[in-house]
Amino acid sequence: MTEFFTTYGPLIVSMVLGALLGLSLYLPLMTGQLSLASPGFYALGGYIAAILSTKVFPTQSGLFPIPLLLLEMLSAAVFSGILGILVGIPALRLRGIYLALATIAFVEVLRVLSLNLEITGGAVGIFGIPQPFSTPIEYLWIALPLLLISMVLLYRLEGIRVGRAFTAIREDELAAGAMGINPTYYKVLAFTLGAILAGVVGAISAHFLNTWNARQGTFDASIIYLTSVLIGGNRTFVGPVLGGMIFTALPEILRAIADAGGLPNWLAAFLRDGRLIIFGLLIVLGTIFFPQGLVTPDLFKKLRRRQIEEDAPDALTR
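This is a predicted model, so every value here is computed, not measured.

Student: Help me out: how do you make sense of unusual backbone geometry in this one?
Tutor: Outside of glycine, negative phi angles account for most residues, and trans bonds account for most peptide bonds. Of note in the backbone geometry, N210 takes a positive phi value of approximately 70° without being a glycine. Among the secondary structure elements, N210 is positioned in the loop between helix 8 (183-209) and strand 2 (211-212).

This is the structure in structure tokens:
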């Protein structure tokens, strides 16, 4: 078991972080907004943690203190939330593909800034980010509770007034406005919550990866997160969690298949390096055959109905 966690610990932690990033993209989708800004806030949170840990809270030796890591996560949440409000108010006046393009442009602006600012290390980035844990698998002490708390909060959110307002706006914004719901307020709220979650994940990831540069939080990452949400399911929070885990692990699975041998060289090279093409194909096929994703609310209703039908004969026999 120790050997298993030593070998696959980084992948397991990456899957949990991928699930959290899927949820950060799912939050704006709850209001029907196709926002691809999560990688930008993810990169911002990572830079905040990298700068604070290497320049403000430098440690000479030993593990990085956990309280300081939590402070970095809080700082990333605050800065990402403020920027989310500033970006969301004007951007969320757009809809559909225009909003997607605007948020892609936002991600690219942040990437270009990180390439040219001295505090971010330019193209080289920030290296030697201190580690709060001695082994990668120990990051689950932070990442897994964060995932569970996020899932519980989203479960509760879907059942209260705010969540119902999100759903109403997603289904018909004009009708929701006629019912007294303020679409702009709730769309900005969903966008900001997603930005906060992405920023916190970025702060954890900076320490986990030990380095942070402009390659983090790019348009490529937007495609991966979008695939995880669209294929996993965009009508319930369970879909992005499962999709984020699966599509985080998928490149490693493809790489393992390519390295197993017995495949033509061109196919092995495609499996190693063509993940974005594969993700694009999955988005096309998924939107055609599974428009609401693999995990939908109807799926849970069918499972619940089947469980009731199976329990009914047992109850009669008793």
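Student: Help me out: how do you make sense of the packing of helix 2 (residues 38-56) against helix 4 (residues 96-116) in this one?
Tutor: The relative placement of two packed helices is expressed as an angle between their axes plus a distance between the axes. The contact between helix 2 and helix 4 brings their axes to 9 Å, and the two run at 30°. The orientation of helix 2 relative to helix 4 falls into the category roughly parallel. Touching G40, F41 and Y47 of helix 2 are F106, V107, L110 and S114, all from helix 4. When its residues are assigned to classes, the contact of helix 2 with helix 4 shows five nonpolar, two polar and no charged.

Student: Would you explain the environment of W212 in this entry?
Tutor: Counting through the fold element by element, W212 comes out in strand 2. Among the residues examined, W212 registers a relative accessible area of 0% and is labelled buried. Residues W212 and G121, 91 residues apart in the sequence, show an inter-C-alpha distance of 9.0 Å. Beyond its immediate sequence surroundings of up to four residues, W212 is in contact with Y42, A43, G46, Y47, A50, G125, I126, I129, G202, S205 and A206. A polar side-chain atom of W212 sits 3.1 Å from the main-chain carbonyl oxygen of A43.

Student: Help me understand the pattern of salt bridges in this model?
Tutor: Close approach of charged atoms allows side chains with opposite charge to pair. Going through the model one piece at a time under the given rule, you end up with five salt bridges. Notably, a salt bridge pairs K187 with E173, separated by 3.3 Å at the nearest N-O pair. Of this pair, K187 sits in helix 8 while E173 sits in helix 7 (residues 173-178), and the two are 14 residues apart along the sequence. The exposure classification of K187 matches that of E173, with both residues buried. Among the salt bridges present, the one from R255 reaches E252, with a minimum N-O distance of 2.9 Å. Remark: E252 and R255 occur in helix 10 (residues 238-259); sequence separation between them is three residues, near one turn of the helix. Residue classification places E252 among the partly exposed residues on the basis of a relative accessible area of 40%. One connected set of salt bridges, linked through shared partners, spans R95, E173 and K187.

Student: How should I be thinking about the packing of helix 9 (residues 219-232) against helix 10 in this particular structure?
Tutor: Relative to each other, helix 9 and helix 10 sit at 130°, their axes nearing to 7 Å. One way to sum up the angle between helix 9 and helix 10 is to call them oblique. When the axes of helix 9 and helix 10 are compared, the crossing they make is right-handed. Taking contact as the criterion, the partners of I224, T227, S228, V229, I231 and G232 in helix 9 are, on helix 10, G239, P240, G243, G244 and F247.

Rules of the game
- Residues numbered from 1 in each chain as written.
- Predicted model: local features only at pLDDT ≥ 70, side-chain atom pairs only at ≥ 80, totals over all residues.
- Heavy atoms only, no water.
- Helix = DSSP H or I, 4+ residues; strand = E, 2+ residues; numbered from the N terminus.
- Axes fitted to C-alpha atoms, helices over the stretch in contact; angles between N-to-C directions.
- Parallel < 35°, antiparallel > 145°, perpendicular 65-115°, else oblique.
- Contact = heavy atoms within 4.5 Å.
- Nonpolar A, V, L, I, M, F, W, Y, C, P; charged D, E, K, R; others polar.
- Buried < 20%, exposed > 50% of the residue type's maximum accessible area, 1.4 Å probe, protein only.
- Polar contact = N/O pair within 3.5 Å; in protein donor to acceptor, adjacent residues only side chain to side chain.
- Salt bridge = Lys/Arg side-chain N within 4 Å of Asp/Glu carboxyl O.
- Left-handed = near helix turned anticlockwise from the far one by under 90°.

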